[in-house]
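# Tertiary structure, described
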Amino acid sequence: MELGISPWPSSFCSSVLDKLKASARKVRKIGEDDPRRIAHSFKVGLALTAVSFFYYATPIYDGFGVSAIWAVMTVVVVLEYTVGATLSKGLNRAVATLIAGVLGVGAHEVAARSGERGEPIVLGLFVFVLGAASTFSRFVPAIKARYDYGVTIFILTFSLVAVSSFRVEELLQLAHQRLSTVAIGVAICLATSFFVFPVWAGEELHKLVASNLEKLASFLEGLEAECFGEKARQQNMEGKPFLQVHKSVLNSKASEDSLLNFAKWEPRHGRFGCHHPWKQYQKLGALNRHCASSMESLVSFITTFREPMSKNTDPDISEKIRTSCVEMSSGSAKALRELSTAIRAMTVPHPANGHVAASLAASADLRRALSGGVALSEVTDIAAISFLLAEIVGRTEEIAGSVEELARLAMFKPVEPDCGSAVKPVADDEETTTRVAITIDR
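What counts, and at which threshold
Residues numbered from 1 in each chain as written. Predicted model: local features only at pLDDT ≥ 70, side-chain atom pairs only at ≥ 80, totals over all residues. Heavy atoms only, no water. Helix = DSSP H or I, 4+ residues; strand = E, 2+ residues; numbered from the N terminus. Contact = heavy atoms within 4.5 Å. pLDDT = per-residue confidence, 0-100. Patch = residues over 30% accessible without salt bridge, like charges linked within 9 Å, V, L, I, M, F, W, Y side chains within 5 Å. Areas by Shrake-Rupley, 256 points an atom, 1.4 Å probe, with all protein chains shown as cover. Salt bridge = Lys/Arg side-chain N within 4 Å of Asp/Glu carboxyl O. Buried < 20%, exposed > 50% of the residue type's maximum accessible area, 1.4 Å probe, protein only. Axes fitted to C-alpha atoms, helices over the stretch in contact; angles between N-to-C directions. Parallel < 35°, antiparallel > 145°, perpendicular 65-115°, else oblique. Left-handed = near helix turned anticlockwise from the far one by under 90°.

This part is about the environment of L205. Here L205 lies in helix α9 (residues 201–226). Separated by 54 residues in sequence, L205 and L259 have C-alpha atoms that sit 5.8 Å apart. Beyond its immediate sequence surroundings of up to four residues, L205 is in contact with E256, L259, L260, W278 and Y281.

Summary statistics for the protein give a mean pLDDT of 80 and a share of 81% for residues scoring 70 or more. Least confident of the elements in the protein is helix α14 (residues 353–370), whose mean pLDDT is 70; most confident is helix α11 (residues 253–263), at 93.

Position of M411 relative to the elements: it lies in the segment after α15 (376–409). In the structure, M411 is positioned 134 residues away from P277 in sequence and 9.9 Å away in space, judged by C-alpha atoms.

On the surface, F53, Y55, Y56, V66, I69 and M73 cluster together into a nonpolar patch covering about 620 Å² of accessible area. If you list the elements that add at least two residues to the nonpolar patch, you get α2 (36–56) and α4 (69–78). Looking at the nonpolar patch, the element that brings in the most residues is α2, giving three residues. Given the relative accessible area of 61%, Y56 is considered exposed.

A few words now on the pattern of salt bridges. Tallied over the full model, the rule gives 15 salt bridges. Here E391 makes a salt bridge to R395, at a shortest N to O gap of 3.4 Å. Placement of the pair is E391 and R395 together in helix α15, with a separation of four residues, close to one helical turn. What makes E391 partly exposed here is its relative accessible area of 24%. Notably, a salt bridge pairs E398 with R395, separated by 3.9 Å at the nearest N-O pair. Remark: R395 and E398 occur in helix α15; sequence separation between them is three residues, near one turn of the helix. For E398, a relative accessible area of 25% gives the class partly exposed.

Our next topic: the environment of E224. With respect to the helices and strands, the residue E224 is situated in helix α9. What makes E224 partly exposed here is its relative accessible area of 27%. When the C-alpha atoms of E224 and R322 are compared, they prove to be 9.6 Å apart, with 98 residues separating the residues in sequence.

In this section: the packing of α9 against α11. The interhelical angle for the contact between α9 and α11, taken along N-to-C directions, is 150°, at an axis separation of 8 Å. Relative to α11, the element α9 lies roughly antiparallel. Our pair here, α9 against α11, has a crossing hand that is left-handed. Where α9 approaches α11, its residues A201, G202, E204, L205, L208, V209 and N212 are matched on the opposing element by S255, E256, L259, L260, F262 and A263.

Right, here's the structure in full:
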């Protein structure tokens, strides 16, 4: 009987090696996608190393005692990716610790005057009242948005000081040590966040809104090329990449709200002043999501009806409808591209009304084509698609107005108009200055 070597050990080692290589590729891709993540990791390590010396150095440790570890804990929980987030958490933690420490010492002084039996009752009453009131304040939207972390730290610190005061004799010293170490930790976090590869929440919000406009434009460009061209008549739209680009815009509200909250904490940086109109970004983001929701509805029709035009439809009518849809898609995409470019450069946008007006004119032409004696049964599907496309044109017009308002409030730099660009003239009687709705004469 021949004895062979089992292949199991080698196959196992090969499998483990492949998984390690795959994990290394994923980690490398994360770093390559945004090198600032590597910089942030470096910043956290640097801050932790700096604050650790307050615990390692004997003279400093003798001054703060075991409370020096609070500085390390502060760095861990306060140092965030953006300057605004770090500033928000740092100030919340420092102010909440100060207020809670003062109130905790005050509660101890009041309770101490109640006698040995009454002291725990009074302290328990203070903890109950302030803990319940602080917790309820977290349900107030304004406090929840900006000071929720501070309220949590207040409850924690006050409870620790008030409860420990019943057993600790040097309460003032304990409160002073903890407040000092928290302040030191916050100072190190802010210095690291401000001066070592800073990432500003305001800039991130600015770029996010501009990027979302580009994604909406990409959807419309794909729509023009692959849905209304000759090559798309017998083509299945399922799985087309351009049909998915708007989905991230629909899910951007949480990121925008978070960045907006942190941006309000940040001082002046770059071209973003202390009174920069951050609220306008929120309004613009809402309009972007409304436009993306119309695109989502349009996608369901596009993927359902591979060829929405009936074969019995008049070829001239069919060509008019396709031409109008192409012009609506193209005009809206160009307008969104120009608006995104203007936001990134912080320049007053070229009047996007030219492209929007051309889209509205195409929408008016399409309305006349559909109401000019065409049988409803022949154009029901394309009429629904055209109506949704016309709605997107209207959303684009609203977005253009919002960007122009942002440029005015933020005092974007003016630019020389491009005299070489020409826009299709539009007649006054085509109602192109208002949003056009597709109506079908039943």
